[in-house]
Number of protein chains: 2
Amino acid sequence: MHSISKENYLKTVYHSAGGSGEQVATSKLADKLEVSNAATSEMARKLSDAGLVNYARYKGVGLTESGEKIALQVLRRHRLWELFLIEILGMSWGEVHDEAERLEHCTSDTLINKIEEHLEFPKFDPHGSPIPDREGNLPAMPTLIPINQSVAGDTYIISKVVDQSSELINHITSLGIHLNSKIMIVDKLDFDESVRIKIGNEVHSLSKKVSEHIFVSELNNQDKI
Amino acid sequence: MHSISKENYLKTVYHSAGGSGEQVATSKLADKLEVSNAATSEMARKLSDAGLVNYARYKGVGLTESGEKIALQVLRRHRLWELFLIEILGMSWGEVHDEAERLEHCTSDTLINKIEEHLEFPKFDPHGSPIPDREGNLPAMPTLIPINQSVAGDTYIISKVVDQSSELINHITSLGIHLNSKIMIVDKLDFDESVRIKIGNEVHSLSKKVSEHIFVSELNNQDKI
DNA sequence: AGACCAAGTTAAGCATCCTTAAAAATAAAG
DNA sequence: CTTTATTTTTAAGGATGCTTAACTTGGTCT
Ligand SMILES: [Mn+2]
Ligand SMILES: [Mn+2]
Ligand SMILES: [Mn+2]
Ligand SMILES: [Mn+2]
């Protein structure tokens, strides 16, 4: 098994590259991992030596096939743990991410497979993200769009919430937004890129920062999830 | 939270001191932790600086009050995880120790309390060891004796198995020994300190190494567990 | 007591992962 | 196409936790 730092790094490259094999700037990774640029450059070289990323100085990093395999394993552990903590142990949406962020690094295949079995082989985690199977395959997903790209007047279903920070999740929860909530886009304000949405009878304003982390699907796509 | 190394060290001091505040030789800890004596001496000094152990050169280490508090927290997490993995996830006796050895270092109070609640506040782990409560108090336990101190001809109940290594646990399991099994001491051989025991209709020979890790209670003490 | 031995400690050094500060490469302006 | 600004890398060093090898210390044997 690789070190905690290496696993977190590979997972972050995967997230930042947006699934495809794009090159990611080392400074972007430094931001997300909350370490210095210097630390990220150094790690890029080490992971490159280990054959887990493609890296050329000043050109960013991208996962190799074996690097992606590891990233998907970590992601699998993270997402299964989150679902388990919510479904079986009754923890809250806001609590599970930080816990999973640690557990993902100290869970054997045997254990994570037991958890998967206990949850009856789920396909999505509590934030709507797909869970890789034992071979690293992701389930088919409908195309989702972030709220800041939605159309005013249209109605959508909340389908995924990017859960990088528990602060964001707690804020979203406090607005009454949950997975599979139905929302209507009231209007979009150009000057600050905020979006006003209607949930039930309440109208809330979402800043750009918030709206770009919430993904929705069109109402008629709902059955695909 | 302290580092993994420090937590393991404190836990090992607790185990080695046999509950009371005896001083433990650094070399004994080095053996159990499978590191060099040098590493143990260095760590003794660091933990002493942090006020977690009493340490005077050449005199061994003993837990301070705050050191014992941490040891008991780690022990609590270890034992609750082991029980959880067996009871809820169906893992085997031999598998859970190694898993718990890692999980014990990355589990928040919130999570371990949820686990405790889910298990309905158990008092003993799957090997018969007592589980400290949230305040670090251990449940009352009957006095147990290791099999190598048992009396030939007498009948006992298996009440605790020290689970330092999964090899030992697997061996014991393969002999058909489980918690609460009833056994009879057939005889004790002086020349190699082995013990022969009868379980059901089978007679097995236990080496000294094995017999000193299995603890039994007299038959009439059974109800106290 | 003096010599000896085993147990325990210190010294020096290595791996990992991080930092800040200086240097180099790339990108942006003029 | 230079000059400047920004991004990225390299260099030097610190903390932690480990190693082997050399050195102390305390206890034992004669
Ligand atoms: Mn998460
Ligand atoms: Mn993590
Ligand atoms: Mn155990
Ligand atoms: Mn451990």
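Reading guide: rules and limits
- Sequence order as written defines residue numbering, which begins from 1 separately in each chain.
- Chain A is the first chain written and ligand 1 is the first ligand written, with later ones labelled in order.
- Note on the predicted model: pLDDT of at least 70 is required for a residue's local features to be given, and 80 or more for side-chain atom pairs to be given and counted; whole-chain, interface and lining totals, by contrast, use all residues.
- Calculated side-chain values reflect all of the structure's heavy atoms, with hydrogen atoms and water omitted.
- Here the nonpolar core consists of buried residues drawn from Ala, Val, Leu, Ile, Met, Phe, Trp, Tyr and Cys, with membership extended through side-chain atoms lying within 4.5 Å.
- Throughout this description, buried means an accessible area under 20% of the type-specific maximum (1.4 Å probe, protein chains only), exposed means over 50%, and partly exposed covers the range between.
- We call two residues in contact when some of their heavy atoms are within 4.5 Å.
- Each of two parts loses accessible area, computed with a 1.4 Å probe, when they are put together; buried area is these two losses added.
- Here a salt bridge means any side-chain nitrogen of Lys or Arg lying within 4 Å of a carboxyl oxygen belonging to Asp or Glu.
- Polar contacts, as counted here, are pairs of nitrogen or oxygen atoms within 3.5 Å of one another; within protein the pair requires one atom able to donate a hydrogen and one able to accept it, and residues that are adjacent in sequence qualify only if both atoms are side-chain atoms.
- Numbering of helices and strands starts at the N terminus; helices are DSSP runs of H or I of at least 4 residues and strands are runs of E of at least 2.
- Only Asp, Glu, Lys and Arg are considered charged, only Ala, Val, Leu, Ile, Met, Phe, Trp, Tyr, Cys and Pro nonpolar, and every remaining residue, Gly among them, polar.
- Strands are labelled as partners when DSSP assigns at least two bridges between them.
- Summary of the distance rule: residues count as near a molecule or strand when at least one heavy atom falls within 4 Å of that molecule or strand.
- Expected helix span is given by 1.5 Å per residue-to-residue step, counting one fewer step than there are residues.
- In this description, a donor is an N, O or S atom within 2.8 Å of the metal centre, a cutoff extended to 3.2 Å for sodium, potassium and calcium. Water is not part of the atom list, which can make sites seem incomplete.

Undergrad: Describe the nonpolar core, and please don't skip the residues or the numbers.
TA: Core analysis: the largest hydrophobic core is formed by 74 residues, its most contacted members being Trp81 and Ile147 of chain A together with Trp81 and Ile147 of chain B. Beyond its immediate stretch of four places on either side in the chain, Trp81 of chain B contacts Trp81 and Leu103 of chain A together with Ala100, Leu103, Glu104, Thr107, Leu111, Ile112 and Ile115 of chain B.

Undergrad: An account of the interface of chain A and chain B is requested, with residue identities and associated values reported.
TA: Reports often express the size of an interface as the amount of accessible area lost when the parts come together. Chain A puts 19 residues into the contact, and the matching count from chain B is 19 residues. Where chain A abuts chain B, roughly 1,600 Å² becomes buried across the two surfaces, and 70% of that area is made up of carbon and sulfur atoms. The interface formed by chain A and chain B includes zero salt bridges. If you look at where chain A meets chain B, you find four residue pairs in polar contact (both at pLDDT 80 or more). The set of elements that each furnish at least two residues to the side of chain A that touches chain B consists of α4 (65-87), α5 (96-103) and α6 (109-118) of chain A. Among the elements that take part in the side of chain A that touches chain B, α6 of chain A stands out by supplying five residues, more than any other. Considering only residue class, the side of chain A that touches chain B consists of 10 nonpolar, five polar and four charged.

Undergrad: Go over the sheet that holds strand β6 (residues 194-199) of chain A with me, naming the residues and quoting the values.
TA: All names here are of chain A. Here six strands make up an open sheet; going across it, the order is β3-β8-β4-β5-β6-β7 and the pairing antiparallel. The sheet is open, and its two edges are formed by β3 (145-146) and β7 (202-206), each paired on a single side. Across two bridges, β3 lies against strand β8 (residues 214-218) in antiparallel orientation. Following the sheet pairing, Ile145 is matched in β8 by Val216.

Undergrad: Can you break down the protein's contact with DNA strand D residue by residue, with the values?
TA: Around DNA strand D lies a shell of 19 residues, among which Ser27, Ser41 and Tyr55 of chain A together with Ser3 and Ser36 of chain B are the nearest. Each atom of DNA strand D within 4 Å of the protein was classed as base or backbone; sugar and phosphate made up 70%. Ser41 of chain A places a polar side-chain atom, nitrogen or oxygen, 2.3 Å from a phosphate oxygen of DNA strand D. Here Ser3 of chain B contributes a side-chain N or O atom positioned 2.5 Å from a phosphate oxygen of DNA strand D. Breaking the surface near DNA strand D down by element, the ones donating at least two residues are α2 (26-33) and α3 (37-49) of chain A together with α1 (4-16) and α3 (37-49) of chain B. Considering each element in turn, the surface near DNA strand D owes the most residues, four residues, to α3 of chain B.

Undergrad: Mind laying out unusual backbone geometry, listing which residues take part and the relevant values?
TA: Even without glycine at this site, Glu34 of chain A takes up a positive phi of about 55 degrees. The topology assignment puts Glu34 of chain A in the loop between α2 and α3. Under the relative-accessibility criterion, Glu34 of chain A is labelled exposed at 73%. Despite not being glycine, Phe121 of chain B shows a phi value in the positive range, around 50 degrees. Take Phe121 of chain B: it is sitting in the loop between α6 (109-118) and β3 (145-146).

Undergrad: So what's going on with helix α1 (residues 4-16) of chain A? Residues and values would help.
TA: All names here are of chain A. Between its first and last C-alpha, α1 extends 18 Å over 13 residues, near the 18 Å set by a 1.5 Å rise per residue. Residues of α1 that are buried include every one of Glu7, Asn8, Tyr9, Leu10, Lys11, Thr12, Val13, Tyr14 and Ser16, and no others. Looking at the buried positions of α1, the neighbouring elements they touch are α2, α3, β1 (53-55), β2 (61-63), α4 and α5. Just beyond α1, the residue with positive phi is Gly18, at close to 65 degrees.

Undergrad: How would you explain the coordination of the manganese ion (ligand 2) if you had to name every residue and give the values?
TA: Residue and element names in this part refer to chain A. Taken together, the protein donors to the manganese ion (ligand 2) comprise Asn8 (OD1), Glu101 (O), Glu101 (OE), Glu104 (OE) and His105 (NE2), at separations of 1.9 to 2.4 Å. We note that the donor set of the manganese ion (ligand 2) lies within a single chain, spaced as N-x92-E-x2-E-H. Pair noted here: Asn8 is in helix α1 and His105 is in the loop between α5 and α6, with a separation of 97 residues, a long-range link. On the basis of relative accessible area, His105 is assigned to the buried category, the value being 8%.

Undergrad: Give a description of the pairing of β8 of chain A that names residues and reports values.
TA: All names here are of chain A. Across the five residues that make up β8, a large majority, four, are buried. One ladder, built from five bridges, connects strand β4 (residues 155-161) with β8; its direction is antiparallel. Paired with Lys160 across the two strands is Phe215, which belongs to β8.

Undergrad: Requested: an account of the coordination of the manganese ion (ligand 1), with residues and values cited.
TA: Residues and elements named next belong to chain A. All of the protein donors around the manganese ion (ligand 1) are His78 (NE2), Glu82 (OE), His97 (ND1) and Asp163 (OD); their distances to the metal are 1.9 to 2.2 Å. For His78, a relative accessible area of 5% puts it in the buried group. According to the relative accessible area criterion, Glu82 is buried, its value standing at 0%.

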